[in-house]
Structure formats: structure tokens, C-alpha cells
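Fold and geometry: a report
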Amino acid sequence: MIYYKTEEEIELIRESSLLVGKTLAEVAKLIRPGISTITLDKVAEEYIRDFGAIPGFKGYKGYKYTLCISINEQVVHGLPGKRKLLEGDIVSIDCGVLKNDYYGDSAYTFAVGKVKEDVRMLMERTKASLYKGIEIAVVGKRVGDIGHAIQSFVESFRYSVVRDLVGHGLGKNLHEKPEVPNYGKRGTGPKLKKGMVLAIEPMINMGTKNVIQEKDGWTIRTSDMKPSAHYEHNVAIRHGETEILSTFKFIEEIIDKK
Ligand code: MF3
Ligand code: CO
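These lines cover the structure that appears in this document, whether it is placed above or below. (Residues numbered from 1 in each chain as written. Chains lettered and ligands numbered in written order. Predicted model: local features only at pLDDT ≥ 70, side-chain atom pairs only at ≥ 80, totals over all residues. Heavy atoms only, no water.)

1. Here's the deal with the overall build of the chain
Where we set the bar: Under the scheme used here, helices are H or I runs from DSSP no shorter than 4 residues and strands are E runs no shorter than 2 residues, and both carry numbers assigned from the N terminus. Here the globule rule is a power law, 2.2 Å times the number of residues to the power 0.38, and the radius of gyration is based on C-alpha atoms. A 1.4 Å probe rolled over the protein chains alone gives each residue an accessible area, and that area as a share of the maximum for its type sets the label: buried under 20%, exposed over 50%, partly exposed in between. A contact between two residues is defined here by any heavy atoms of the two lying within 4.5 Å. To measure how exposed things are, a 1.4 Å probe is used in the Shrake-Rupley method; for residues, cover is taken only from the protein chains shown. Charge convention: Lys and Arg are scored as positive, Asp and Glu as negative, and His as well as the terminal groups of each chain are ignored. Every charge is mapped to an atom, namely NZ of Lys, CZ of Arg, CG of Asp or CD of Glu.
Counting its regular elements, the chain contains 5 helices and 15 strands. By the compact-globule yardstick of 18 Å for 258 residues, the chain fits well, its C-alpha radius of gyration being 17 Å. Overall, the chain is about 45 × 45 × 35 Å in size when its C-alpha atoms are taken along their principal axes. Within the span of the chain, comprising 258 residues, buried residues form 54% of the whole. A fraction of 71% describes how many contacts in the chain between residues 6 or more apart in sequence connect residues 24 or more apart. Just so you have it, the chain exposes about 11500 Å², and 52% of that area is on carbon and sulfur atoms. When the 39 basic and 35 acidic side-chain charges of the chain are each reduced to a single mean position, those positions are 3 Å apart.

2. Re the site of ligand 1
Selection criterion: For each residue, the test is whether any non-hydrogen atom lies within 4 Å of the molecule or strand; if one does, the residue is near. Contacts described as polar in this section are N or O atom pairs within 3.5 Å, which, within protein, must combine one atom able to donate a hydrogen with one able to accept it, while residues neighboring in sequence count only if both atoms come from side chains.
In the region of ligand 1, the neighbouring residues are Phe57, Tyr60, Tyr63, Cys68, His77, Asp94, Asp105, His168, His175, Glu201, Trp218 and Glu232. Between ligand 1 and Asp94 there is a distance of 2.6 Å, counted from a nitrogen atom to a side-chain nitrogen or oxygen. Glu232 is positioned with one of its side-chain polar atoms (N or O) 3.4 Å from an oxygen atom of ligand 1. When the free accessible area of ligand 1 is taken as 330 Å², the share hidden by the protein chains comes to 96%.

3. Examining the environment of Gly34
On the secondary structure map, Gly34 appears in the loop between helix 1 (7–30) and helix 2 (37–50). A C-alpha to C-alpha distance of 6.2 Å links Gly34 and Leu86, two positions 52 residues apart in sequence. Residues within four places of Gly34 in sequence aside, it is in contact with Lys84 and Leu85.

4. What about the sheet that holds strand 11 (residues 211–213)?
Basically, it comes down to this: Strands are treated as partners if at least two bridges between them are detected by DSSP. Helix axes are fitted to C-alpha atoms over the stretch in contact, other axes to C-alpha atoms as well, and angles between N-to-C directions run from 0 to 180 degrees.
Taken in spatial order, the 3 strands of this open sheet run 3-12-11, and their pairing is antiparallel. Of all strands in the sheet, those with a lone pairing partner are strand 3 (74–76) and strand 11, marking the two edges. Neighbouring strand axes in the sheet, compared pairwise and without regard to direction, differ in orientation by 40° on average. By the bridge criterion, 3 bridges tie strand 11 to strand 12 (residues 220–222) in an arrangement that is antiparallel. Within strand 12, the position partnered with Ile212 by the bridge is Arg221.

5. A look at helix 4 (residues 143–155)
For clarity, the threshold we go by: Every helix has an expected span of 1.5 Å times one less than the residues it contains.
Look at helix 4: 19 Å from first C-alpha to last across 13 residues, which is about the 18 Å you get at 1.5 Å a residue. Where burial is concerned, most of helix 4 is hidden: 10 out of the 13 residues are buried. Residues Val143, Gly144, Asp145, Ile146, Gly147, Ala149, Ile150, Gln151, Phe153 and Val154 constitute the buried set of helix 4.

6. Observations concerning the side chain of Ser16
Here Ser16 shows up in helix 1. Once residues lying within four places of it in the same chain are set aside, the contact partners of Ser16 are Val97, Lys99, Tyr102, Tyr103 and Gly104.

7. Thoughts on the coordination of the cobalt ion (ligand 2)
Ideal geometry at a metal centre: 109.5 degrees between donors when four sit tetrahedrally, and 90 or 180 degrees when six sit octahedrally. Counted only if it meets this: With water omitted from the atoms examined, metal sites may look incomplete; donors here are N, O and S atoms no farther than 2.8 Å from the metal, or 3.2 Å in the case of Na, K and Ca.
Coordination of the cobalt ion (ligand 2) by the protein is provided by Asp105 (OD), His168 (NE2), Glu201 (OE) and Glu232 (OE), with metal-donor distances spanning 2.1 to 2.3 Å. The sequence pattern describing where the donors of the cobalt ion (ligand 2) fall on their chain is D-x62-H-x32-E-x30-E. Here the residue Asp105 occupies a position in strand 5 (residues 102–111), and Glu232 occupies one in the loop between strand 13 (228–230) and strand 14 (233–236), the gap between them amounting to 127 residues. Here Asp105 matches Glu232 in class, with each residue buried.

8. Structural notes on the pairing of strand 8 (residues 176–180)
Both strand 7 (residues 167–169) and strand 8 contribute to a ladder of 3 bridges, which runs antiparallel. In the sheet register, Gly169 faces strand 8, and the bridge partner there is Glu176.

9. Brief notes about the packing of aromatic side chains
Just so we agree on the cut-off: Side-chain rings of Phe, Tyr and Trp, where Trp is taken by its six-membered ring, are said to pair if the distance between their centres is within 6.5 Å; with planes under 30 degrees apart they count as stacked, over 60 as edge-to-face, and otherwise as tilted.
Counted by the stated rule, this structure contains 10 aromatic pairs. Each ring, one from Tyr108 and one from Phe110, has its centre 5.0 Å from the other, and the planes form 50°; the classification is tilted. As far as burial versus exposure is concerned, Tyr108 and Phe110 are alike and both buried. Both rings, one in Tyr108 and one in Tyr231, keep their centres 5.0 Å apart while their planes meet at 80°; by these two values the pair is edge-to-face. Here Tyr231 lies in the loop between strand 13 and strand 14 and Tyr108 lies in strand 5, a separation of 123 residues in the sequence. The pair Tyr108 / Tyr231 is uniform in exposure class, with both members buried. Feature note: the residues Tyr108, Phe110, Tyr131, Tyr231 and Phe248 constitute an aromatic cluster, connected by ring pairs.

Right, here's the structure in full:
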């Protein structure tokens, strides 16, 4: 079943989503060639706990970390570890927090130093596709309209949409109904209603849409080893204009300073 949120609940989700945005900005400060991904995870966990919140992914289905850190051909659910970031990598960092009983869940793909032009374009257009999806997500539209907006935009660049993982409702649970695919047909799927809170999170591949799971049991990567990008916002469904509860503002202030 779909849980519709009151304005008070939406405020609490906003607070959690905001903390995720600030945590990702703390992580952004440290992104450079040579840093290990476990270091980023440690910094994120400490930052979240300093605000009286709990890392939202830790313990979820046995997951052991605060962040999912996915490099280059890794799509999502990459495990923090000893691996160091290298100049030219792209790194997707997904973070969740639980605060006042409500989750926030947001992700951003970062460049490590200077990345190849075609990869930079993939990142930029994946982020743009997220906003295409958000823009259409208003009362009266359907979940399929979100997927269609994202899919038609990215396929115009001959990128592909990952099918095996989807966005989701968000609230007292990290994952709630409805599922929010990043592909779809206009006018199909559940109707968007006031009080729905969704995590919209396009995962877009430069090559094939097909993905496989690595032997660690978590990491999802492209089957052709071409790069993938991932951005995620939490939004509240409203009449007229979608409200974005999470933020990239703090992250982008750090990126712009670098
Ligand atoms: N951020 C993922 C999502 O948006 C969830 C991470 S799965 C976990 O659905 F196990 F790592 F928590
Ligand atoms: Co999510």
C-alpha cells in the first residue's frame, strides 16, 4: 500500500533529506585522486551521527556501510573499501539517513579530477533527466509519466536506462510503494496524488542497459563495462509544481570551489 504523508511528515522527510545533502557535501570536500572509499564512508557516518541521526542504509538487508560508492562501470550499491579513487574516475555516491523516524535518500555522481568529455556529458545529462522526471511528477500524472520523461530524454542521446533497479516511495521506510521505474509509457501506472513522497533516481548507462551483480553480492555494474551515472532526489507530490525535499546546493557549492 501507498502511504500518503501529512505536511508535518513531509517536513520531517525534508529534514532527513537535507542532512543527506549536507553529508554528501562533506564527502565532496574529500573527493580527489588517492582517497580510499572507506575513508569517505567513515566521514559520512561520523557526520550523520553528529546530527543525532542514523545512517539509513546500515543494517538494511545486512548492508554494512553508510554510503554506496560506485565507480565508473559500477551502477549502484558499490561497497566502500580500500580501493582508491583515480584521476578521471566518476563516482556515484548514494546516502541515506534516518532521523525522527523518517528517511532521506539522495545520490550524486562526482568527477574525480578531470574526466573525459563523453563521460562528463553522461553525468550532466543524467542529472538533467532527473529534473525532467521531477518536473512531470505532479498531481494527476502517473508514475509511468515520470519514467517516460526520463527515458525519452536520455535515449535521445543514445544512452540506456537501467531496468533492474527503480526509484521508490519514501517515509518511515527506506523503500515504500510505489516503485518508480526510470522508463515507461505515458499515462500508465499508479496515479500521483498529493502527499506522495518519492525517491526519483535515474541510473543511466552510456552503453547497454544490461547490468550484472559482482561477486561481492552487492555491487551492480554494466555488463559492457561502459560508465554509468546516478542522481537521486526526494520529492513531494503537489498540485502545480513538484517540491524537491533533498538538495544538491551544498554539494555544488563545494564542487564549484574546487
Ligand atoms: N539508495 C538505495 C536506494 O535508493 C538503497 C541502498 S541499498 C542499501 O534504493 F542496502 F545499501 F541500503
Ligand atoms: Co533510493
